[in-house]
Amino acid sequence: AFPGFGQRGDLTHGVVPPNRKDDIVIPNGYDQAVIIAWGDPVEEGAPKFDANKQSAAAQAKQFGYNNDYTMIVPLKDDRKALLVCNHEYTDENLMFPTGKYDAKTIAGIGLAAHGMSVVGIERVGRSGQWRRDKSGTRYNRRITATTKFDVVGPAAADPRVGKVAYGTFGNCAGGVTPWGTILSGEENFNGYYDVTGAVPAQYATSYKRYGVPTTVTKSAREWSIVDARFDLTTTPTEAFRSGWVVEVDPYDPKATPKKRTMLGRLKHEGATTTITADGRIAVYLGDDERGEYIYKFVSAGKYDENNRKANFGLLDEGTLYVARFTGDGTEDGLFDGTGQWIALTTDKKSFIDGMSVADVLIDTRLAADKVGATRMDRPEDIERNPVNGRVYAALTNNSNRGGTFAVDEANPLAKSHTRATLDGPLVEQSGNRNGYILELTEEGDDAARTSFFWTLFLVCGDPTAQETYFGGYDKTKVSPISCPDNVSFDGSGNLWISTDGNVLGSNDGIFTVPVAGPKRGQVKQFLSVPFGSEACGPLVSEDDKTAFVAVQHPGETDTATFENPSSTWPHTHPFPRPAISCVWRKDGARVGS
Ligand code: FEO
Ligand code: CA
Ligand code: CA
Ligand code: CA
């Protein structure tokens, strides 16, 4: 039933051992190259990168900081494509020579270094290597924390939000729609606001549920010194214009990007789409914080593959659901069970007592609290496997499971638990430190259905640790893996996982694992990213010839500074620069082989 598995799709690549090198480390037979790094010119007229001549105007045309989600969308000429990525946040300590710029200049550059980029790229010969397409800048675009957005969907009419918003920031993961637009999740938006006095009492419950400050607060970046809307005492509704999924059309550089309110307001990790059995669009959504929920949107209308523009409103009408997981008991030796998608609201009718449609979409967490949804361990990237149809979710970690949040079968590892041993009860401190990969199977393999089956496919960590589980595979033959964050698939349906915050002491990386066949659960490290960085992406090209990796925050450690960095990757300067690289097999064969 799984074409490709065990045939062309075998993961035969060499295993990269855990390490702390300040480089991308890849298996034998592979090569890699940086495509674009922080500060490289993107838009027409952008100046060459110079750390000593930074300005907001320059940065607004250059590649932003801390590239996260990365997607490649095709152009008619198959030697060319568009690279789209998120710039989640900034590391001011690593960006600016100490004392060189004043606070206002730094804030202005920070606003411009967030957001997204669209960049033309081209294939090198017939290989899996890609580089900048210097001849074609027609599509190149920067979106920043000040770009104008149209707010669309049911909450746009609410006075808390309104029809226009400025900028996107905290953009973490994302997805691509069948009509070729990019969805991007506004994640940790709450950390960008200052409070200089009071905030309206009627917003306090909502603010608190999202971690938005309610008392006098100076945020880390203090953007309100250059843009007053970031002071919630001045503009208290500004907090309601972030936390959305945004949609950008990379093929139309003049199109105003959209904030899609029907997808709810969360600390959105990402938004990935699939087509339901009857041709509608389903979007899977994670809310990345400890104890938050997994969501799904199903459109009312059907996808029209013959009329691109007919799909532009599909994400504004439909139903938003939240997931409840029920375990079937651990006597079977598996963390698994069934689940329900609980409807919170459609675009016309709320299912939550006392909350309007706009209330549910603006305070989606508060709505989900009322329906008995399951609190998960940092639900991050969630994506449907195009080969086996199952949905895979990264649950990064939760050091406080069993404390603030009760243990259940879908979130089984408590921060301290008692285990029976031959010598009597033993209290162990473990908790979900290393994360899980959840495998969810929609009933009838149809994303429009409201019930599902689930199992924890991976309980990550050091495979010698008792609690880890690798899909039932032999644990002496797998790579240690910690803190899965993003997931994607190659053309054979193998799962590719990137990690964020490895607590096993080595650098983050990208890991491969078959999800079917005799090697189901055989996790192997495919690459590691430079010291102090997080592996984002990952992305395997449509032709399986290239793996793309976004190296986010290289050298980000507690004490590192511009002058004393803990990484200098990609080794173009004496300080680190976040960048996107591609990895390919020197012989041109499929990546992963
Ligand atoms: Fe931005 Fe959920 O990591
Ligand atoms: Ca992430
Ligand atoms: Ca079970
Ligand atoms: Ca992350």
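Residues numbered from 1 in each chain as written. Chains lettered and ligands numbered in written order. Predicted model: local features only at pLDDT ≥ 70, side-chain atom pairs only at ≥ 80, totals over all residues.

Student: Tell me about the overall build of the protein, and please be specific about residues and values.
Tutor: Per the secondary structure count, the protein includes six helices and 33 strands. Dimensions of the protein, computed from the C-alpha atoms along their principal axes, are close to 65 × 60 × 55 Å. In the protein, which comprises 593 residues, the proportion classed as buried is 56%. Put simply, of all contacts in the protein between residues at least 6 apart along the chain, 61% involve residues at least 24 apart. (Helix = DSSP H or I, 4+ residues; strand = E, 2+ residues; numbered from the N terminus. Buried ≥ 20, exposed ≤ 12 C-beta atoms within 10 Å, placed from the backbone. Contact = placed C-beta atoms within 7 Å.)

Student: Give me the lowdown on the sheet that holds strand 28 (residues 495–499), citing residues and values where you can.
Tutor: Read from one edge to the other, the open sheet built from four strands follows the order 27-28-29-30, with strand pairing classed as antiparallel. Two strands close off the open sheet at either side, each with one partner strand: strand 27 (484–489) and strand 30 (524–528). Direction aside, the axes of adjacent strands within the sheet are offset by 25 degrees on average. Bridge analysis of strand 27 against strand 28 gives five bridges, and the strand direction is antiparallel. Pairing of N486 across the sheet is with S498, part of strand 28. (Pairing = 2+ DSSP bridges. Axes fitted to C-alpha atoms, helices over the stretch in contact; angles between N-to-C directions.)

Student: Which residues make up the nonpolar core, and what are the values?
Tutor: With 157 residues, the main nonpolar core has L83, L458 and V549 as its most contacted residues. Apart from the residues lying within four places of it in its own chain, the contact partners of V549 are I510, L527, V529, A535, G537, P538, S581 and V583. (Core = buried A, V, L, I, M, F, W, Y, C linked by C-beta atoms within 7 Å.)

Student: Can you lay out the pairing of strand 4 (residues 115–123) for me, pointing to particular residues and giving the numbers?
Tutor: Burial within strand 4 is extensive, with eight of its nine residues counted as buried. Sheet topology note: the strand 3 (residues 80–87)/strand 4 ladder contains eight bridges and is antiparallel. Its bridge partner lying in strand 4, N86 is registered against M116. For strand 4 and strand 6 (residues 141–143), the ladder comprises three bridges, and the chain directions are antiparallel. Pairing of M116 across the sheet is with I143, part of strand 6. By the bridge criterion, three bridges tie strand 4 to strand 5 (residues 130–132) in an arrangement that is antiparallel. When the sheet's bridge partners are listed, I121 is paired in strand 5 with R132. From the end of strand 4 to the start of strand 5, which pair antiparallel, there are six residues, and G125 there has a positive phi angle of about 60 degrees.

Student: Requested: an account of helix 3 (residues 103–113), with residues and values cited.
Tutor: Counting buried positions along helix 3 gives eight out of eleven residues, so the element sits mostly inside the fold. Turning to helix 3, its buried residues number three or more, namely I106, A107, G108, I109, G110, L111, A112 and A113. For helix 3, the elements touching its buried residues are helix 1 (56–59), strand 3 and helix 2 (92–95). G115, located one to two residues past helix 3, shows a positive phi value of around 110 degrees.

Student: Tell me about the sheet that holds strand 10 (residues 182–186), and please be specific about residues and values.
Tutor: With respect to topology, six strands assemble into an open sheet ordered 8-7-12-11-10-9, the strand pairing being mixed. The strands lining the two open edges of the sheet, one partner per strand, are strand 8 (164–166) and strand 9 (171–176). If you compare each strand with its neighbour and ignore which way they point, the axes differ by 35 degrees on average.

Student: Give me the environment of V549: which residues, what numbers.
Tutor: Residue position: V549 is located in strand 32 (residues 546–552). The sequence separation of V549 and L539 amounts to ten residues, and the corresponding C-alpha distance is 6.8 Å.

Student: Before we move on, can you summarise the environment of V478 with the specific residues and values?
Tutor: With respect to the helices and strands, V478 occurs in the loop between strand 26 (469–470) and strand 27. For the pair V478 and G521, spaced 43 residues apart in sequence, the C-alpha separation works out to 8.3 Å.

Student: I'd like a rundown of the confidence of the model for the protein, residues and numbers included.
Tutor: Across the protein, pLDDT averages 95, with 98% of residues at or above 70. Taken as a whole, residues 1–7 scores under 50 in pLDDT and shows 14 contacts with residues more than four places along the chain or in a different chain. For this predicted complex, the interface confidence comes out at an ipTM of 0.92, alongside a pTM of 0.96. (pLDDT = per-residue confidence, 0-100.)

Student: Residue-level account of the pairing of strand 18 (residues 336–346), with values.
Tutor: Regular strands place side chains that alternate from one sheet face to the opposite one. Sheet topology places strand 17 (residues 318–327) next to strand 18; nine bridges connect them, and they run antiparallel. Paired with R324 across the strands is Q340, a residue of strand 18. Taken together, the five bridges between strand 18 and strand 25 (residues 451–459) define a ladder with antiparallel strand orientation. Bridging from a neighbouring strand, D336 pairs with T455 of strand 25.

Student: I'd like a description of unusual backbone geometry, backed by residues and values.
Tutor: That bond from G537 to P538 is cis: its omega, -15 degrees, falls within 30 degrees of zero. If you trace the backbone, P538 turns up in strand 31 (residues 534–540). Each neighbour pair has its own omega, and for W569 with P570 the value is 5 degrees, a cis peptide bond. Topologically, P570 is positioned in the loop between strand 32 and strand 33 (579–585). Despite not being glycine, N66 has its phi angle at roughly 45 degrees, a positive value. Along the polypeptide, N66 turns up in the loop between helix 1 and strand 2 (67–74). Residue H571 is not a glycine yet carries a positive backbone phi of 65 degrees. Mapped onto the secondary structure, H571 falls in the loop between strand 32 and strand 33.

Student: Mind laying out the environment of G333, listing which residues take part and the relevant values?
Tutor: Structurally, the position occupied by G333 is in the loop between strand 17 and strand 18. For the pair G333 and K163, spaced 170 residues apart in sequence, the C-alpha separation works out to 51 Å.

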